[in-house]
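So you can see what is in the structure, the chains are spelled out below.
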Amino acid sequence: MDTTALSLAPDLAKAFAAWQRWLSDERRLSPHSLAAYQSDLSDFLSFVTLHEGGPPSLAHLESLKTVDFRAWLSARGRRGLAKSSTARALSSLRSFFNWGKRHGLFENAAVTALRNPRQKQSLPKALTHREMQDCLKGLFELGDELWVAKRNLAIFLLLYGCGLRIGEALTLTRREAPAAGQSALRIRGKGGKERIVPLLPVIGSAVSDYLESCPFQPSPNEPLFVGKRGNALGARRVQETLERLRGFLGLPPDATPHALRHSFATHLLAGGGDLRTIQELLGHSSLSTTQRYTSVDTERLLDVYRKSHPRAGRV
């Protein structure tokens, strides 16, 4: 949302801008996350503007009651916005009010009374071991140039073999490229948090193979993965590759780049990995996020039971 279209009192406009700088400089949010926070708060302030009948100020924010915040939530519901979107918007709103309180600018205890809308717990989607093998082999059967296939293999191995997010893989620079024989990789994740992930030999070899065949030679500080014109590779190109693989191999529709990261975690858990270790490898700030994978593995075990146990399905 374009914040220039907002009509705010000078003190609130100044606070809004300072909060965004704090998110960028102190929290070190990614551009995508920063835009989401900005859009969420802009949506709320637009509602307050209509609610108050004029440009809101910091005093207006302090005078809001719980019923006013709930009216905003109800308005989002009438617009058909997803509960997950509203939960994120509430998180952005709390961030702004908490920031304002810490800096002595404004505060309102009513915002703490708001509860996130109940959401249906969605389980991470993971590919099977066979589907992952077919996926990696299938990259060389899509008809792409050989160096492009090698590039895609290196990316897929980073997602599945290291559990990286697609953005984490695509922001690696040439200087940070994992080399053959390297045993670990330092990753900067969400919020600028760093973590160390083990590096399988096959991953370093795949990246080295890609670099040797790549017709472009980026400088050490330029992106490791490039497109056919030598520019930084975008996430959409990786998504399109998996979409083609889905049709070629008959993979399920939820086979996405993020599903490779889910597969990494689910397969580790199935192999005996403990949740705390998997939490560290994925860069989750909360263990509850990682615990979702126990449900995934339980579903897999139940499916095997239903298909295999001689008494399954009998009275």
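Before reading on, note that the structure itself is shown above.
Right, let's walk through the structure included here. Nothing here was measured: the structure is a model prediction, and the numbers come from that model.

Let's talk about the environment of Leu 64
Point 1. Along the polypeptide, Leu 64 turns up in the loop between α3 (58-63) and α4 (66-78).
Point 2. Considered as a pair, Leu 64 and Ala 110 are 46 residues apart in the sequence and their alpha carbons are 7.6 Å apart.
Point 3. Residues within four places of Leu 64 in sequence aside, it is in contact with Phe 44, Val 48, Glu 52, Phe 69, Asn 108 and Ala 110.

Notes on the packing of aromatic side chains
Point 1. Using the criterion set out here, one finds 14 aromatic pairs in the structure.
Point 2. Every member of this aromatic cluster is reached through a ring pair, and the members are Phe 16, Trp 19, Tyr 37, Phe 44, Phe 69, Trp 72, Phe 96, Phe 97, Trp 99 and Phe 106.

Describing the nonpolar core
Point 1. With 43 residues, the main nonpolar core has Phe 156, Leu 158, Tyr 210 and Phe 225 as its most contacted residues.
Point 2. Residue assignment for this core shows that the elements contributing at least two residues are α6 (129-138), α7 (146-162), α8 (166-170), β1 (184-188), α9 (201-213), α10 (235-249) and α11 (257-270).
Point 3. Per-element tally for this core: the top contributor is α7, with 11 residues.
Point 4. Those residues within four positions of Tyr 210 in sequence are excluded, and the remaining contacts are Trp 147, Lys 150, Arg 151, Ala 154, Leu 224, Phe 225 and Val 226.
Point 5. Grouped together as the second largest cluster of nonpolar side chains are 32 residues, Leu 61, Leu 93, Val 111 and Leu 114 included.

Thoughts on the pattern of salt bridges
Point 1. Tallied over the full model, the rule gives 12 salt bridges.
Point 2. A salt bridge links Arg 195 to Glu 168, with the nearest nitrogen and oxygen atoms 2.8 Å apart. Note that Arg 195 is positioned in strand β2 (residues 194-198) and Glu 168 in helix α8, a separation of 27 residues in sequence. Pair check on accessibility: Arg 195 and Glu 168 agree, each one buried.
Point 3. Residues Arg 237 and Glu 240 are paired through a salt bridge, measuring 2.6 Å at the closest nitrogen-oxygen approach. On the criterion of helical spacing, the pair formed by Arg 237 and Glu 240 is a turn pair, its members being three residues apart in helix α10.

How each quantity is defined
Residues numbered from 1 in each chain as written. Predicted model: local features only at pLDDT ≥ 70, side-chain atom pairs only at ≥ 80, totals over all residues. Heavy atoms only, no water. Helix = DSSP H or I, 4+ residues; strand = E, 2+ residues; numbered from the N terminus. Contact = heavy atoms within 4.5 Å. Phe/Tyr/Trp six-rings, centres within 6.5 Å; stacked < 30°, edge-to-face > 60°. Core = buried A, V, L, I, M, F, W, Y, C linked by side-chain atoms within 4.5 Å. Buried < 20%, exposed > 50% of the residue type's maximum accessible area, 1.4 Å probe, protein only. Salt bridge = Lys/Arg side-chain N within 4 Å of Asp/Glu carboxyl O.

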